[in-house]
Structures are given as structure tokens and as C-alpha cells.
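Letter by letter, the chains look like this.
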Amino acid sequence: MKNLLKGAVAIVAVFFSTQFANAQQKIGHINFAEIISATSDYKTAEGQLKTLSETKTKEIQGMVTMLQAKQKEGTDKLRTRSEANKDTLDPELNKLGQEIQDMQTRIQTSQQTAQEELQKRR
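These notes cover the structure that comes with them.

Calculation rules
Residues numbered from 1 in each chain as written. Predicted model: local features only at pLDDT ≥ 70, side-chain atom pairs only at ≥ 80, totals over all residues. Heavy atoms only, no water. Helix = DSSP H or I, 4+ residues; strand = E, 2+ residues; numbered from the N terminus. Buried < 20%, exposed > 50% of the residue type's maximum accessible area, 1.4 Å probe, protein only. Contact = heavy atoms within 4.5 Å. Areas by Shrake-Rupley, 256 points an atom, 1.4 Å probe, with all protein chains shown as cover. Expected span 1.5 Å × (residues − 1). Salt bridge = Lys/Arg side-chain N within 4 Å of Asp/Glu carboxyl O. Patch = residues over 30% accessible without salt bridge, like charges linked within 9 Å, V, L, I, M, F, W, Y side chains within 5 Å. Core = buried A, V, L, I, M, F, W, Y, C linked by side-chain atoms within 4.5 Å.

What follows concerns the overall build of the chain. Scanning the chain from terminus to terminus reveals 4 helices and 0 strands. In the chain, the succession of α and β elements from N to C terminus is α-α-α-α. Across the 122 residues that make up the chain, the buried fraction comes to 11%. Of the contacts formed within the chain by residues at least 6 apart in sequence, a portion of 69% connects residues at least 24 apart. About 10,400 Å² of surface is accessible on the chain, with carbon and sulfur atoms providing 57% of the total.

Okay, structure coming up:
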């Protein structure tokens, strides 16, 4: 019976000593993203990215506005097309259609380039 009591006391002592050792460990968490976002360099870079993004957006919006004007011009010419002016208007409409396609291609290229540039700078 004494051996059983000694064994139980030893097990309890080991249990409490491991609990005591675990309580002494310090575990911490560092929010790295919060620390980085609080630095002035990060804020400066973020501001530059925002400015670049706004500039690229304005450039592309300007190109889209020009495209819409060309499309309206083409639509207006198409409405005034008749058998009498067909020979002079058809080449103009073909040329305008080619310009519109070229503008659409430039807009898509500009959008893709702007996205790649922004991703590269992040």
C-alpha cells in the first residue's frame, strides 16, 4: 500500500511539474502586416501606387471617350448613308471601322500593361 501511495504521489508531482514548466513558456504573436503598414515607407509606396493607378485609369478613360466619339461618328455616318452617297461614304466607314478596331486593341493593351505594372510594383 505504501508503494502505491508513493507511486501516486510521484505521478501527481510529475504532472504538476510539467504544468508548471508549460506555464513558464512565453508564447507571443506578432502581426507583421500591421507593423509594416504602420511604417512611413509603406504609406509612401501605397500613395505612389494609388497615384499611378489613378493616372492609368484616367488615361484609359480618355481613350474610351475617344473610342465612343468615333463610334458615334460612325453611327451618324451610317444613318446618313444612302444610294446616292454610298460610293463616297463606304470607304470612310471602312476606314473609321479600322480606326475603331485599332483603338479597341490599344485600350486592351493599355489595360493589360497597367495591370502588369501595378502588380510588379506591389
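Here the narrative resumes, following the displayed structure.
Another point: helix α3 (residues 40-79). Every α-helix carries 3.6 residues per turn, so stepping three or four residues along brings you back to the same face. Under the 1.5 Å per step criterion, the end-to-end length of α3 is 58 Å for 40 residues, consistent within 8% with the ideal 58 Å. Along α3, the positions that sit buried rather than exposed are L49, L52, I60, L67 and G74. Those residues of α3 that are buried lie in contact with α4 (86-121).

Glancing now at the pattern of salt bridges. Counted under the stated rule, the structure contains 8 salt bridges. A salt bridge links K77 to E92, with the nearest nitrogen and oxygen atoms 2.9 Å apart. One end of the pair, K77, is in helix α3; the other, E92, is in helix α4, and 15 residues separate them in sequence. For K77, a relative accessible area of 22% gives the class partly exposed. Classification of E92 by relative accessible area gives partly exposed; the value is 37%. Members of the salt-bridge network, linked through shared partners, are K56, E117 and R121.

A separate point is a nonpolar patch on the surface. A surface patch of nonpolar side chains, amounting to about 300 Å² of accessible area, comprises F32, I36 and Y42. With respect to the helices and strands, the residue Y42 is situated in helix α3.

Turning to the nonpolar core, a few remarks are in order. Membership of the largest hydrophobic core is limited to 7 residues, which are I60, L67, L96, I100, M103, I107 and A114. Elements represented by at least two residues in this core include exactly α3 and α4. Here this core gets 5 residues from one element, more than from any other, and that element is α4. Setting aside its immediate chain neighbours within four residues, L67 contacts I100, M103, Q104 and I107.

Moving on, we get to the environment of K50. The residue K50 is located in helix α3 in this model. In this structure K50 comes out as exposed when scored by relative accessible area, which is 54%. Between the C-alpha atoms of K50 and L118, which are 68 residues apart in sequence, the distance is 9.4 Å.

So, on to α4. Over its 36 residues, α4 extends 52 Å from the first C-alpha to the last, a length consistent with the 52 Å expected when each residue adds 1.5 Å. Within α4, burial applies to L89, L93, L96, I100, M103, I107, A114 and L118. Where α4 is buried, its residues touch α3.

All quantities given are derived from atomic positions and should not be read as evidence of function.
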